[in-house]
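Below, each chain spelled out in residue letters.
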Amino acid sequence: MRDSSLKRSLGVDLTRSIKESRVLLVGAGGIGCELLKNLVLTGFGEIHIIDLDTIDLSNLNRQFLFRHEHIKKSKALVRPNDDRRALAPLRPESPSSVRRRANARRAVAKEVAQKFRPDAKLEAHHANIMDPQFNISWFGSFTLVFNALDNLAARRYVNKMCLRANVPLIESGTMGFNGQVQVIKKGESECYDCNPKETPKSFPVCTIRSTPSQAIHCIVWAKSFLVPELFGNSEDESDEVDNTENAENANEVEELRKEALEFKALRESIGTEEGHQKVFDKVFKADIDRLRGMEDMWKTRKAPEPLDSAQLQEQSASIDSAISTKDQKVWSLAENFAVFKDSFNRLGQRLKELQAATSPDQAPPILTFDKDDVDTLDFVAAAANLRAAIFHIETNSKFEIKRMAGNIIPAIATTNAMTAGLCVLQSFKVFQADLAHAKTVFLERSGARAINSESLNPPNPNCSTCSFAQVRVEIDPQRAEFKDLVEILENDLAYTKGVSLTFNDIIIHDPELDDNLTKPFSHFGISNGDVLTVMDQNYEDERVILDVLILERTESTSADSKPAKLLEMVQIPLMPQPPVVPSPEMKQLSISASTADGKPASDAAAADDTLVTGKRKREGEDEGGDRSPGGSNEHSAKRPASRPIVDSSEPIVLDDDDEEGIIELDD
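Worth saying up front: this structure is predicted, and the values here are computed from it rather than measured. (Residues numbered from 1 in each chain as written. Predicted model: local features only at pLDDT ≥ 70, side-chain atom pairs only at ≥ 80, totals over all residues. Heavy atoms only, no water.)

To continue, consider helix H15 (residues 398–405). Restricting attention to buried positions, one finds in H15 the residues Lys 398, Ile 401, Lys 402, Met 404 and Ala 405. For H15, the angular spread of the buried residues around the axis is 165°, confining them to a single face. The inward-facing, buried residues of H15 contact helix H9 (215–231) and helix H14 (374–390). (Buried < 20%, exposed > 50% of the residue type's maximum accessible area, 1.4 Å probe, protein only. Helix = DSSP H or I, 4+ residues; strand = E, 2+ residues; numbered from the N terminus. Arc of directions from axis to C-beta. Contact = heavy atoms within 4.5 Å.)

Below, the structure is given as structure tokens:
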């Protein structure tokens, strides 16, 4: 009965396409839960769900697939005895091992969604979508990808991979009562990066390090400075901290470099009994004493007060470490000290275990802040509150600190449900190959209409993400070297010698680096399905970015065959030239080219005043069409950007728009 209802509603052809599809849903959060339910009930054939998060109490008000008994368990997979170990970084796995692991354990989202349609084919993955096993070949196996993510980096990554795999993407997101759904298809619509995104708010390093005045300053200091210095990579730059070396920040940036040496010594104490004491004495006493010594800094504000660790140690002796679970309570100073000590020891133990399990040839493991990671959130909350107390700033509950640290905007269940429904409706246009009628849809609380839409915009020719070309190169993994790929670029694709090749943002070859030409692809970990990026260094006739998809031969070849072969010939277009921007004078003034005797140089040009730029239409004249945001009307689309100026020894005479007189400008 359900199938027959779908056929009557959608038609036989569309219902068949949906039933035969293989789709990927990235994210099982607020939008993801609603979207998974919609996909199952609409009859999508094979649905893969991928999510890295665990289920939190705060999720239950809008992520209806989860219940109280699912708290602390993976959204995608439920592990036996699931605990904090699930939050440790996952090691790369092959797609086959991911599938085996997913099948071996039950999935929360999968299990609950299966009840809506028992015959639905669902596959769950508990992993990060940016893990290396999810390569272009894996993305290319899907008919359509749905994005239901909550962070910019993962969104941009999925956007890039779908473009490379030439798989349509339905991008979605919500912010309170507002929502948006966008259809992305390579070469046919703009991608996620075609329009620049708002830069996250950042704070000057001098404010974060020396003169905090708000709780958010202390929170950013704890998560973006203290956590990386102790447990992560101190060289990583946070988007929230402005390290620009201007006059105001220069001293603090230099002080940061000096302190890096001190923190190296503190790292050695991580995992020891006295480790928390050494860190506490440095950041909450010694550093504060140094700041108090800068007397000029405190002439107009209250000086910070260092903390006494011995006194806090005594006051917190009887405090149960379980106080950290009371996230709605504003902890006392002694309770913050107890949570700081306990969470520091937990993180130290985790880091030691990861280091013991890491082989010498692997990169050293690190811990990073995650708002859903209990250990790092406890540490940041306690450290931020201790620092706030030092600078006479109001402290906050762990719940409120999590909201501020994670830049969380309250989610509205209704917005998520409407957005998920719009995602499925737009996917129908993709299955019908009818992108001309697909829309970018906006949900807005204010305004005459709650749902607004516009046609898909064409790709931005200057977008560095989607304005690329792509070729496929088949290699013999046993014989192919980088010089074989360079020869293909120069001989088959007519590149000059000025090219650079990068893999995972690491330069492997460029005009000044040819040491790697005789090295095999495996030397850099490049295997089947990986992508190399080619940048043209010929700035006179620079070509667009080229992606080279590496495909390994599965059959043995003779020694006479080429180690690397271009599978199809592709024309690599030139980089688009930047548009000519008229000068301010050309924008402001209506210029009428004149001859020496004051008569128009061209009667035809003078007769057509639509060719004269900068001259506004008089009231009542027809504008020739509606001017939509970002668009142009019919006349302006045909109108030249500027009118040529004819050389003349006479002054240029300009008509004033308000017709109050004549302006004369000397040449």
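Here we come to the nonpolar core. Counting residues in each nonpolar core, the largest one holds 52 residues, and the members touching the most others are Trp 221, Leu 230, Phe 231, Phe 284, Phe 340 and Phe 379. Among the elements of the structure, H9, helix H10 (250–267), helix H11 (275–292), helix H13 (333–356), H14 and H15 are those that each provide at least two residues to this core. A per-element tally of this core places H9 first, with twelve residues. Setting aside chain neighbours within four positions, we find Leu 230 in contact with Phe 263, Leu 266, Arg 267, Ile 270, Val 279, Phe 344, Leu 351 and Phe 379. Counting 33 residues, the second largest nonpolar core, distinct from the first, contains Ile 18, Leu 25, Ile 31 and Leu 422. (Core = buried A, V, L, I, M, F, W, Y, C linked by side-chain atoms within 4.5 Å.)

Now for the layout of surface pockets. Roughly 820 Å³ of internal volume is contained in the second largest pocket. In this structure, the second largest pocket is lined by 26 residues; those nearest its centre are Tyr 157, Lys 160, Arg 164, Asn 504 and Asp 505. When contributions to the lining of the second largest pocket are tallied by element, the ones reaching two or more residues are helix H7 (152–165), strand S12 (499–503), strand S14 (531–536) and strand S15 (545–552). Here the lining of the second largest pocket takes five residues from H7, the largest share from any one element. Its residues assigned to classes, the lining of the second largest pocket comprises eleven nonpolar, seven polar and eight charged. (1 Å grid on protein atoms, 1.4 Å probe; cavity = no way out; pocket = protein on both sides within 12 Å on 5 of 7 lines; lining within 4 Å. Points joined across faces, edges and corners; volume = space filled by probe spheres on them. Nonpolar A, V, L, I, M, F, W, Y, C, P; charged D, E, K, R; others polar.)

Right, let's talk about the sheet that holds strand S3 (residues 121–126) for a bit. Across the sheet, eight strands lie side by side as S3-S2-S1-S4-S5-S6-S9-S10; this open sheet has mixed pairing. At either end of the open sheet lies a strand with only one pairing partner, and these are S3 and strand S10 (451–455). Going from strand to strand, the sheet's axes swing by 15° on average, the running direction of each strand aside. Looking at chain direction, strand S6 (residues 178–184) and strand S9 (residues 439–443) are connected through three bridges and run antiparallel. In the sheet register, Gly 179 faces S9, and the bridge partner there is Leu 443. (Pairing = 2+ DSSP bridges. Axes fitted to C-alpha atoms, helices over the stretch in contact; angles between N-to-C directions.)

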